[in-house]
Amino acid sequence: MTEWLLSGGRFLAVSGAGSGSDARVRPVFRWSKIQGALTGVLAGRVWRLSQTDTHILYQVIGQVDNQPLPSRPGRKKQKRKSNTPIEPNNGVVEKKIKSEEKADTKEQPKMMTQAMTSNTKVTKIKTEDGEEITLKTEDGLAEKNIEVSILRDYFQLDVKLTDLYEQWCKDDPHFKQVSPNFTGIRMLRQDPVENLFSFICSSNNHISRISGMVERLCEAYSARLCEVCGVTYYAFPTVSALAGRGVEERLRKLGFGYRARYISETAQYIMEQGGESWLYNLKTLPYEEAKAELIKLSGVGAKVADCVCLMSMDKTGAIPVDTHVWQIVNRDYKHKLGTTKTLTDKTYKEIGDFFRQLWGPYAGWAHSVLFAADLRKFQELKTSTEKKVDTKKSVKKKKSR
DNA sequence: ACAGGACCTCGACA
DNA sequence: ATGTCGAGGTCCT
């Protein structure tokens, strides 16, 4: 049995953890679990995702309205009509993608734009009943090819995870001890705009509230939406929309607190730099430089900048040190590092450098494995102390230390 | 360079 | 029924 965890913008595929199985999918930010499948918006489409041990299963069940978004990679003109509810599991063939293919020519992770345009190749997909079909880029099949490309890009399936795990186990005894129950954990390649503003919301905050805030942000400022099976899905707002007048005031009324100003100021700053394309272009900079640019943004410190670098700028060595990672360090790696009472800038950098040296160029990916393990412990602890509480809503409570 | 405190909000907990 | 605490940080002294 395989399960998925979604955490703070990290999409975690966890296989065969075995124990008790009280662990469950945790929908965070913009993916939620509906009828057993993760449902959310990606690249202008509404998806349902699930997985087996070997395949990712997906359905595209809707599309958000197409509005001009010239600067954002991965957006293409959509022809399918929106607002058309499609019944899941009803006449729609679930498609599978092999989780890890070896035949790819390039080692480098592909960017969305490249994946979208390199559709000249033939793609093989296994259907649910095991039949293998071949898709070419022509007529109606082109769209399916694009869908596959989007998911391959999102899950970064060209990254050979097993090789990386092997290396990390070899170099780090503690990783070797912890990782077997947490295989298959990949970093998602997320959209920089969405990622950035979501993590600005995360400061001094807890996950359940962040999710609500991001949702309200979309409802208030996205013009692109569609409804599927009674649920409304939004594209993420444009930076331009968030840079408008009165944004801070409105967001404060929506419960964003002091982060309202961060969002407004950051959006305005990005527009001054030339808009979303400026943000996307940070991908082309080396890690340190991209991070330095991000830290200039209001409400963006070292941690949020590293989240953006790792999850949406292809900086695979970025290590976001949040309270969880700080705990992990102090518990499991303390002997390797100098100790400070609080997380200072200097210590922050030392931790990142230490792990990059230990784990290599994909250190950020390795760190998320330990993060996932820690999260699991946290959840098990929580659920075991919470047995009597039985609410209908999926309340995510945080247990304080 | 480091420590300390404020900051919005809202469930847990006492 | 109220009061305090702290949450996947950032910013300012």
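Just so it is clear, the structure is predicted and the values come from calculations on it, not from any experiment.

Reading the values: the criteria
The numbers attached to residues start from 1 for each chain and follow its sequence in the written order. The lettering of chains begins at A and the numbering of ligands begins at 1, in the order of writing. Side-chain atom pairs in this predicted model are given and counted only at pLDDT of 80 or more, local residue features only at pLDDT of at least 70, and totals for whole chains, interfaces and linings cover all residues. Excluding hydrogens and water, the side-chain figures rest on all heavy atoms present in the structure. By the criteria applied, helices consist of DSSP H or I runs no shorter than four residues and strands consist of E runs no shorter than two, each listed in order from the N terminus. When a residue's accessible area, from a 1.4 Å probe over protein chains only, is under 20% of the maximum for its type it is buried; when over 50% it is exposed; and in between it is partly exposed. We get accessible surface area from the Shrake-Rupley algorithm with a probe of 1.4 Å; when it comes to residues, only the shown protein chains can shield them. Between N-to-C directions, angles cover 0 to 180 degrees, with each direction set by a line fitted to C-alpha atoms, over the stretch in contact for helices. To sort the angles, those under 35 degrees are grouped as roughly parallel, those over 145 as roughly antiparallel, those from 65 to 115 as roughly perpendicular, and the leftovers as oblique. Less than a right angle of anticlockwise turn of the near helix away from the far helix marks a crossing as left-handed, whereas a clockwise turn marks it as right-handed. When checking whether two residues touch, look at their non-hydrogen atoms; a contact exists if any pair is within 4.5 Å. For this classification, the nonpolar set comprises Ala, Val, Leu, Ile, Met, Phe, Trp, Tyr, Cys and Pro, the charged set comprises Asp, Glu, Lys and Arg, and every other residue, Gly included, is treated as polar. Identification of polar contacts relies on pairs of N or O atoms within 3.5 Å, with a donor-acceptor requirement for protein atoms, meaning one able to donate a hydrogen and the other able to accept it, and with residues adjacent in sequence counted only if both atoms are side-chain atoms. By definition, a salt bridge exists where a carboxyl oxygen of Asp or Glu is found within 4 Å of a side-chain nitrogen of Lys or Arg. Think of a nonpolar core as a cluster: buried Ala, Val, Leu, Ile, Met, Phe, Trp, Tyr and Cys residues, connected wherever their side-chain atoms sit within 4.5 Å. What fixes the domain bounds is an automatic or database domain assignment. UniProt positions are given in the numbering used here, feature names are shortened, and annotations may be inferred rather than shown by experiment. Two rings from Phe, Tyr or Trp (for Trp, the six-membered ring) form a pair when their centres sit within 6.5 Å of each other. Planes less than 30 degrees apart are called stacked, planes more than 60 degrees apart edge-to-face, and all others tilted.

In this section: the overall build of chain A. Within chain A one finds 15 helices and 11 strands. Buried residues in chain A amount to 52% of all 401 residues. Accessible area of chain A: about 19100 Å², with a carbon and sulfur share of 51%.

This part covers the packing of helix α5 (residues 192-200) against helix α9 (residues 259-273). Closest axis-to-axis distance for the α5/α9 pair is 9 Å, and the angle between their directions is 150 degrees. Relative to α9, α5 is oriented roughly antiparallel. You can see that α5 and α9 cross each other, and the crossing is right-handed. For the pair formed by α5 and α9, the contact residues are L196, F197 and I200 on the first element and R259, Y262, I263, T266, A267 and I270 on the second. Per-class residue counts for the contact of α5 with α9 are 7 nonpolar, 1 polar and 1 charged.

It is worth spelling out α5 at this point. In terms of burial, α5 is largely enclosed, as 9 of its 9 residues are buried. Buried-residue contacts for α5 involve α6 (207-221), α7 (239-242), α9, α10 (276-281) and α12 (302-312).

When you line up the elements, M213 lands in helix α6. Taking C-alpha positions, M213 is 8.5 Å from S198, a pair spaced 15 residues apart along the chain. Residue contacts for M213: discarding those within four places in its chain leaves C201, N205, G255, F256 and R259.

Mapped onto the elements of the fold, N205 is located in the loop between α5 and α6. Its relative accessible area of 18% is what places N205 among the buried residues. Polar contacts involving the side chain of N205 include one to the side chain of R209, which spans 3.2 Å. The residues contacting N205, other than those within four sequence positions of it, are I210, M213 and R259.

Turning our attention to the pattern of salt bridges. Side-chain pairs of opposite charge can arise whenever the charged atoms involved come near each other. For the coordinates displayed, the defined rule picks out 13 salt bridges. Overlapping salt bridges bring together D153, R189 and D314 as one network.

Before going further, it helps to examine the nonpolar core. By size, the foremost hydrophobic cluster in this structure holds 78 residues, and its most contacted members are W168, F197 and W359. Sort the elements by how many residues they give to this core and helix α15 (residues 363-384) lands first, with 8 residues. Residue contributions to this core reach at least three from each of two domains, namely domain 2 (191-315) and domain 3 (316-384). When neighbours within four sequence positions are excluded, W359 is seen to be in contact with W168, D172, F175, Y333, A366, H367 and L370. If you look at the next biggest cluster of nonpolar residues, it comprises 18 residues, including A43, Y58, V60 and I150.

On to the UniProt feature "domain: HhH-GPD" (unreviewed entry) in chain A. UniProt marks residues 201-375 with the feature "domain: HhH-GPD" (unreviewed entry), using the numbering shown here. The span residues 201-375 carries 60% helix and 5% strand; its end-to-end C-alpha distance comes to 20 Å.

Looking now at the packing of aromatic side chains. This structure, assessed with the given rule, holds 15 aromatic pairs. With 5.6 Å between their ring centres and 80 degrees between their planes, Y154 and F155 make a pair best called edge-to-face. Pair check on accessibility: Y154 and F155 agree, each one buried. Look at F355 and W359: their rings are 4.3 Å apart centre to centre, the planes differ by 10 degrees, and that puts the pair in the stacked class. With a gap of 4 residues between them, F355 and W359 both fall in helix α14 (residues 345-359), about one helical turn apart. Classification of F355 as buried rests on a relative accessible area of 3%.

Let's shift gears to unusual backbone geometry. One non-glycine residue, Q35, lies in positive phi territory at about 50 degrees. For Q35, the location among the structural elements is in the loop between β3 (31-34) and β4 (37-42). Notably, Q156 is not glycine yet its phi reads approximately 50 degrees, a positive angle. Considering the arrangement of structural elements, one finds Q156 in the loop between α2 (141-155) and α3 (161-171).

The next thing to look at is the environment of S198. Structurally, the position occupied by S198 is in helix α5. Taking the relative accessible area as the measure of exposure, S198 reaches 2% and is therefore buried. For the pair S198 and V304, spaced 106 residues apart in sequence, the C-alpha to C-alpha distance is 9.5 Å. Those residues in contact with S198 that sit more than four places away from it in its chain are F29, I210, V214 and F236.

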